[in-house]
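Here is what each chain is made of, one letter per residue.
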Amino acid sequence: PQFERNITRFTQFLTLVGLTALVVGGVGVANAVAGFVDRKRASLATLKSLGATGSAVFGMALTEVMLIAAIGVVIGLLVGAALPFLVVWLFGALIPVPLDAAVYPRELGLGALYGALTAFAFALPALGRVHDVPVSALFRDRVDGDRRWPRPRYLVLTALAGAALIGAAVLFASEKRIAIAYALAVVGAFGLLRLVAVGVMALARRAPRPRSTELRLALSNIHRPGALTPSVVLSLGLGLALLVALALIESNISGQLRQGVAARTPSFFFLDVRSSEADRFAQYLGQQAPGAALERTPMMRGRIVRVNGVPSEQVAAKEEAAWALEGDRGVTYAAALPSGSTLAGGEWWAPDHRGEPLVSLEKGIADGIGVKVGDTLTVNVLGRNVTARIANLRRVDWRSFGINFVLVFSPNTFAGAPHTELATIAFPKEKAADEARDAALLRNIGREFPTVTSVRVKDALDAANEIVAQLALAVRGAASIAVVASILVLAGALAAGQRARVYDAVVLKTLGATRGRLIAAYLAEYAMIGAATALFGILAGSLAAWGVGARIMRLDFVFNFRAAAFAALGALALTVLLGLVGTWRTLGESPARRLRSL
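Structural notes, computed from the coordinates. Worth saying up front: this structure is predicted, and the values here are computed from it rather than measured.

Per the secondary structure count, the chain includes 17 helices and eleven strands. Counting across all 598 residues of the chain, residues that qualify as buried make up 44%. In the chain, of all internal contacts separated by at least 6 residues, the share reaching a separation of at least 24 is 81%. As displayed, the chain has an accessible area near 29900 Å², and 64% of this comes from carbon and sulfur atoms.

As structure tokens, this is what we get:
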């Protein structure tokens, strides 16, 4: 069951990776379209001066953008369709399960739909502003940006396109709950980041004027008319929040997968050990397997027939707990709390309890069938109905590979009842692998105790653990793909404002500014904006990761500050570095040529 849950969590994580790629790809589209509009400003103004209507200019620009997007979608489909064949060719021998490389039209169609909707939804806000800006403002926009909202019809169109994109993501997602939660979180993040941008600009406007020329220029760039702060904060903040969320979820999934590989995996399970010969059996194992850890417990078979007096067939149990009411279950009794269990409610009974029969129930099953401490369960054991009161609830760490049961009764419940014992042995790690010893042990026990069933489970568990380890590697690999894509898109967010930066830099260089001073000013500007967005990214990403990890994936969520900070600050540093590469090259050119082209 734990292995199956890990597979499910990996599927959920892939859903998160896909949605993250969708959102950061949309941010990249928005930045690219904003840069496209900025580069085409003179052409658009000329068209409007020659009589083109705002709707016509918008239509032409949208058509051009969507044609480019269509080319991108086709390239993406071709690469995506070829990748499975490439993976099988390169790594087919290493993959532990059969991988059927084929072309799947439905998935390719979904990819095309996502690409088209993403391009359309994220391109509309930048294109919509073109409609109502007068010709004179288009020429003047480089100095005094027009930040008016687009016409209502473009806002409505943007909202409808966004709703269609969210609807498609939710409808076709394998994990719909995660898709819905993710979509709501992204929409909320857009609103919060707008407030963060306004706050950063307000703080820069009210900050004392420093003596350093570079710092004064950096502060002015943050709050001046036409500042890039809103777009940079939105792109960086959203991207960093998504990266932090992915990093924390990946850290928790990988940590939980590593916990699932027990340090002392049982080598053998022994079933049907009769109680009359259990002690002799234990002594024999001690002789045959010296140094091995032995664990044993009484075991019977029973079926839950009533819950609080209601027949089990009539109990409306949740899907994940319904199996506990279907068929026989292994039951046991114990004087002390079993290893691998922790109390989640109620109290454990005294070792010499002599009162009414008591039972301890695993908490997940209790929640699933709707019972609590103080309720009653009726279990049919050996043809006799036994009604016991629930004394406590337990959380069971099934990853420990120890012997544990959903139902554990107080010892007085089955005093004198015939039963068998279940036993395991686990060899020390340095002696775990010994095929000859294990084969001899099986033969000797079969000869000495013919009624005992011996099961060598180490090989099966080792195979499962190997797949789990590969699963953890796959989680990190999937996260790395999203990280690389996000960093490239975030760098594009800074590069999108390069034209405005070039204009400022040329004027300042004409007035005597050096390239080193300008780079220092831009670094200071991005550092101040980056500090605010990184703080938002860590807080918002951590909250999103906790919601998805603890509430949806049911992980034992642990906040890993190191992973969050590394994801946020590392991505921010790489983003600023990549974003300034083009600016550095441009600042090295002569101002005269640039002035003639402005």
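After that view, the rundown keeps rolling.
Once that is clear, we can look at the packing of helix H3 (residues 54–91) against helix H4 (residues 105–128). Each pair of packed helices can be described by the angle between their axes along with the distance between the axes. Running from N to C, H3 and H4 point in directions that differ by 150 degrees, and their axes come no closer than 9 Å. By the angle class used here, H3 and H4 are roughly antiparallel. Once H3 is placed against H4, the crossing between them reads as right-handed. Along its contact with H3, which presents Phe58, Ala61, Leu62, Val65, Met66, Ala69, Val73, Leu77 and Ala81, the element H4 presents Leu108, Gly111, Ala112, Gly115, Ala116, Ala119, Phe120, Ala123, Leu124, Leu127 and Gly128.

A word on the pairing of strand S7 (residues 376–381). Inspection of the sheet shows strand S2 (residues 293–307) paired to S7 by five bridges, in the antiparallel sense. Looking across to S7, one finds that isoleucine 304 is bridged to valine 379. Sheet topology places S7 next to strand S8 (residues 384–396); six bridges connect them, and they run antiparallel. Counted as the bridge partner of threonine 376 is arginine 389 from S8.

For the rest of this paragraph, the subject is the packing of helix H7 (residues 176–206) against helix H15 (residues 515–552). For the pair H7 and H15, interaxial distance at closest approach is 11 Å and the crossing angle is 160 degrees. It follows from the interaxial angle that H7 and H15 lie roughly antiparallel. The crossing of H7 and H15 is right-handed. Contacts between H7 and H15 involve Arg177, Ile178, Ala181, Ala189, Leu192, Leu193, Val196 and Val200 from the first element and Ala532, Phe536 and Ile552 from the second. Across the contact of H7 with H15, the residue classes break down as ten nonpolar, no polar and one charged.

The subject of this paragraph is the pattern of salt bridges. Inspection of the entire model under this criterion finds 13 salt bridges. The partner of glutamate 107 in a salt bridge is arginine 106, with the nearest N and O atoms 3.3 Å apart. For glutamate 107, a relative accessible area of 44% gives the class partly exposed. Here glutamate 277 and arginine 274 are joined by a salt bridge, their closest N and O atoms 3.5 Å apart. The class for glutamate 277 is buried, based on a relative accessible area of 11%. Taken together, the shared-partner salt bridges connect Arg274, Glu277, Arg280 and Glu448 into one network.

Our focus in this paragraph is the environment of proline 418. Its location among the elements puts proline 418 in the loop between strand S9 (407–409) and strand S10 (420–426). Taking the C-alpha atoms as reference points, proline 418 and serine 276, 142 residues apart in sequence, are found 9.4 Å from one another. Once residues lying within four places of it in the same chain are set aside, the contact partners of proline 418 are Met300 and Leu382.

Here we take up the side chain of serine 312. Among the secondary structure elements, serine 312 is positioned in the loop between strand S3 (310–311) and strand S4 (329–333). Its relative accessible area of 5% is what places serine 312 among the buried residues. Serine 312 has contacts with Arg303, Ile304, Val305, Arg306 and Leu325, leaving out every residue within four places of it along the chain.

Next up on the list: the nonpolar core. The nonpolar side chains of a soluble globular protein tend to be buried, and buried together. In terms of nonpolar packing, the biggest core is built from 86 residues, with Phe13, Leu16, Leu127, Leu238, Ile249 and Met553 touching the most fellow members. Of the residues forming this core, the biggest block, 14 residues, is contributed by helix H9 (residues 229–259). Not counting residues within four places of it along the chain, the set of residues in contact with leucine 16 comprises Ile178, Tyr182, Leu246, Ile249, Val548 and Met553. Of all hydrophobic cores here, the second largest spans 27 residues; its members include Met300, Ile369, Leu377 and Ala417.

Moving on, we get to unusual backbone geometry. Here asparagine 308, not a glycine, exhibits a phi torsion of approximately 55 degrees, which is positive. Positionally, asparagine 308 belongs in the loop between S2 and S3. Positive phi values are uncommon outside glycine, yet leucine 382 reaches one of about 55 degrees. Mapped onto the elements, leucine 382 comes out in the loop between S7 and S8.

Together, Ile71, Ile75, Val79, Leu83, Leu86, Val87, Val88, Trp89, Leu90, Phe91 and Leu99 make up a nonpolar patch on the protein surface, roughly 1000 Å² of accessible area in all. Its place among the elements puts valine 88 in helix H3.

Looking now at the side chain of asparagine 392. Tracing the sequence through the fold places asparagine 392 in strand S8. Within the local environment of asparagine 392, its side chain forms a polar contact with the backbone oxygen of glutamate 347, the two atoms lying 3.1 Å apart. In this structure, asparagine 392 is in contact with Leu343, Gly345, Gly346, Glu347, Trp348, Trp349, Val359, Ser360, Leu361 and Val373, ignoring residues within four places of it in sequence.

Before going further, it helps to spend a moment on the packing of aromatic side chains. The tally for this structure, following the rule as stated, stands at eight aromatic pairs. When the ring of phenylalanine 268 is compared with that of phenylalanine 270, the centres are 5.8 Å apart and the planes differ by 15 degrees; the resulting orientation is stacked. Each member of the pair, phenylalanine 268 together with phenylalanine 270, is buried. Centroid distance phenylalanine 270 to phenylalanine 281: 5.4 Å. Interplanar angle 70 degrees. Geometry classified as edge-to-face. Here phenylalanine 281 lies in helix H10 (residues 278–288) and phenylalanine 270 lies in strand S1 (residues 268–274), a separation of eleven residues in the sequence. Here the two residues phenylalanine 270 and phenylalanine 281 agree in accessibility, since each one is buried. Clustering of aromatic rings is evident, with ring pairs tying together Phe268, Phe270, Phe281, Tyr284 and Phe449.

Attention shifts here to helix H6 (residues 152–172). Taking 1.5 Å of rise per residue, the 21 residues of H6 would be expected to cover 30 Å, and the 30 Å separating its terminal C-alpha atoms lies within 8% of that figure. If you check which residues of H6 are buried, you get Tyr154, Thr158, Ala161, Leu165, Ala168, Ala169 and Val170.

Moving on, we get to a positive patch on the surface. Among the surface-exposed residues, Arg177, Lys318, Arg551 and Arg554 lie close enough to one another that they form a single positively charged patch. Summarising the element assignment, arginine 177 is placed in helix H7.

Calculation criteria
Here the residue numbering is sequential within each chain, running from 1 through the sequence in written order. Owing to the predicted nature of the model, reporting of local features is limited to residues with pLDDT of at least 70; listing and counting of side-chain atom pairs is limited to 80 or more, with chain, interface and lining totals taken over all residues. Hydrogen atoms and water are omitted, and side-chain values are computed over all heavy atoms in the structure. The helix count covers DSSP runs of H or I at least four residues long, the strand count covers runs of E at least two residues long, and both are numbered beginning at the N terminus. Summary of the burial criterion: residues with accessible area below 20% of their type's maximum are buried, those above 50% are exposed, and those between are partly exposed, where the area comes from a 1.4 Å probe applied to protein chains only. What makes two residues a contact is simply this: any of their non-hydrogen atoms within 4.5 Å. Only the protein chains shown count as cover for residues, with accessible areas throughout obtained via the Shrake-Rupley method and a probe of 1.4 Å. Between the N-to-C directions of two axes lies an angle of 0 to 180 degrees, each axis being a line fitted to C-alpha atoms and, for a helix, fitted only over the stretch in contact. Reported orientations rely on four angle classes, namely roughly parallel under 35 degrees, roughly antiparallel over 145, roughly perpendicular from 65 to 115, and oblique for the rest. Here a crossing is taken to be left-handed if its near helix is turned anticlockwise relative to the far helix by less than a right angle, and right-handed if that turn runs clockwise. Pairing between strands is defined by DSSP: at least two bridges between the two strands are required. Residue type decides the class: Asp, Glu, Lys and Arg count as charged, Ala, Val, Leu, Ile, Met, Phe, Trp, Tyr, Cys and Pro as nonpolar, and the leftover types, Gly among them, as polar. The salt bridge criterion pairs a side-chain nitrogen of Lys or Arg with a carboxyl oxygen of Asp or Glu, the two atoms within 4 Å. For the purposes of this section, nonpolar cores are sets of buried Ala, Val, Leu, Ile, Met, Phe, Trp, Tyr and Cys residues that join through side-chain atoms within 4.5 Å. Residues forming no salt bridge and having over 30% relative accessible area are the ones grouped into patches, like charges within 9 Å of each other and nonpolar side chains (Val, Leu, Ile, Met, Phe, Trp, Tyr) within 5 Å. In the analysis that follows, any N or O atom pair within 3.5 Å is treated as a polar contact, provided that within protein one partner can donate a hydrogen and the other can accept it, and provided that, for residues neighboring in sequence, both atoms belong to side chains. Stacked, tilted and edge-to-face are the three classes assigned to paired rings of Phe, Tyr and Trp, where Trp is represented by its six-membered ring and a pair needs centres within 6.5 Å; plane angles under 30 degrees give stacked, over 60 edge-to-face, the rest tilted. What a helix is expected to span follows from its residue count: subtract one and scale by 1.5 Å. Counted as positive: Lys and Arg. Counted as negative: Asp and Glu, with His and the chain ends omitted from the count. The location of each charge is read from NZ of Lys, CZ of Arg, CG of Asp or CD of Glu.

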